[in-house]
Amino acid sequence: MATETPPPSKTQAQLPSTEEFVAVQESAEFGELRGSYRGFAFPLTVGFITWYLLYVLLSNYAGDFMGTKLFGNINVALVLGLAQFLTTFLIAWWYARTAAAKLDPKADAIKSRMEGGA
């Protein structure tokens, strides 16, 4: 059974001014948040792209190596290809945990101050 939700408020929340946005953007707190994000996301992005390009290059230029049978009909190419999926999911999981623990609280604090809640 659905519960009734109140209608949206007719009063518009006051949006921060351009100067307030610029002040927050130049603040040390926002710089710390941006640095935390970049310090996590950029190395993982570079690492994953490198890993992906290595797989593509091996597939194109090292056919004998990629065709090496490991057991049964399972070869190196299949294992590395499946590892691409695994690393994608692991990185997404790791990012979600890190964002929830370290990035979101900082961003929420900045947001609530900008919206006048703090």
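Residues numbered from 1 in each chain as written. Predicted model: local features only at pLDDT ≥ 70, side-chain atom pairs only at ≥ 80, totals over all residues. Heavy atoms only, no water.

Engineer: What am I meant to see in the overall build of the protein here?
Structural biologist: Across its full length, the protein holds four helices and two strands. In the protein, the succession of α and β elements from N to C terminus is α-α-α-β-β-α. For the protein, whose C-alpha radius of gyration is 23 Å, the value lies well above the compact-globule estimate of 13 Å for 118 residues. Expressed as lengths along the three principal axes of its C-alpha atoms, the size of the protein is roughly 65 × 50 × 20 Å. Within the protein, the fraction of its 118 residues that count as buried is 14%. Within the protein, counting contacts between residues at least 6 apart in sequence, those at least 24 apart form 60% of the total. (Helix = DSSP H or I, 4+ residues; strand = E, 2+ residues; numbered from the N terminus. Rg over C-alpha atoms; globule rule 2.2 N^0.38 Å. Buried < 20%, exposed > 50% of the residue type's maximum accessible area, 1.4 Å probe, protein only. Contact = heavy atoms within 4.5 Å.)

Engineer: Looking at this structure, I do not really get helix α2 (residues 28–61). What am I missing?
Structural biologist: One full turn of an α-helix is made of 3.6 residues, so residues set three or four places apart face in the same direction. The end-to-end C-alpha distance of α2, which contains 34 residues, comes to 48 Å, matching closely the 50 Å that a straight helix rising 1.5 Å per residue would cover. Along α2, the positions that sit buried rather than exposed are Leu33, Phe40 and Ala41. Considering only its buried residues, α2 is in contact with α4 (76–114). (Expected span 1.5 Å × (residues − 1).)

Engineer: Quick question: what am I supposed to make of the pattern of salt bridges here?
Structural biologist: Where charged atoms from two side chains of opposite charge come close, those side chains can pair. Scanning the model with the defined rule gives two salt bridges in all. Its salt-bridge partner being Arg113, residue Glu29 comes within 2.0 Å of it at the nearest N-O pair. Pair noted here: Glu29 is in helix α2 and Arg113 is in helix α4, with a separation of 84 residues, a long-range link. Here Lys106 and Glu32 are joined by a salt bridge, their closest N and O atoms 3.1 Å apart. Remark: Glu32 occurs in helix α2 and Lys106 occurs in helix α4; sequence separation between them is 74 residues. Given the relative accessible area of 26%, Lys106 is considered partly exposed. (Salt bridge = Lys/Arg side-chain N within 4 Å of Asp/Glu carboxyl O.)

Engineer: So what exactly am I meant to see when it comes to the confidence of the model for the protein here?
Structural biologist: Atom-level detail of predicted coordinates should not be read off regions where pLDDT is low. With 92% of its residues at a pLDDT of 70 or more, the protein has an overall mean of 89. Helix α1 (residues 18–25) is the least confidently modelled element of the protein, averaging 88 in pLDDT, while α2 averages 95, the highest of any element. (pLDDT = per-residue confidence, 0-100.)

Engineer: Explain the packing of aromatic side chains to me, please; I cannot follow it from the model alone.
Structural biologist: Aromatic ring pairs: the centre-centre distance and the angle between the two ring planes describe each pair. In this structure the tally under the stated criterion is three aromatic pairs. Residues Tyr37 and Tyr95 carry aromatic rings whose centres are separated by 6.4 Å and whose planes lie at 85° to one another, so their mutual orientation is edge-to-face. Taken as a pair, Tyr37 in helix α2 and Tyr95 in helix α4 lie far apart in primary sequence, 58 residues in all. Given the relative accessible area of 37%, Tyr37 is considered partly exposed. Judged by its relative accessible area of 34%, Tyr95 is partly exposed. Judged by centre distance (5.1 Å) and plane angle (80°), the rings of Phe40 and Trp94 are edge-to-face. Of this pair, Phe40 sits in helix α2 while Trp94 sits in helix α4; the two residues are 54 residues apart in sequence, bridging distant segments of the chain. (Phe/Tyr/Trp six-rings, centres within 6.5 Å; stacked < 30°, edge-to-face > 60°.)

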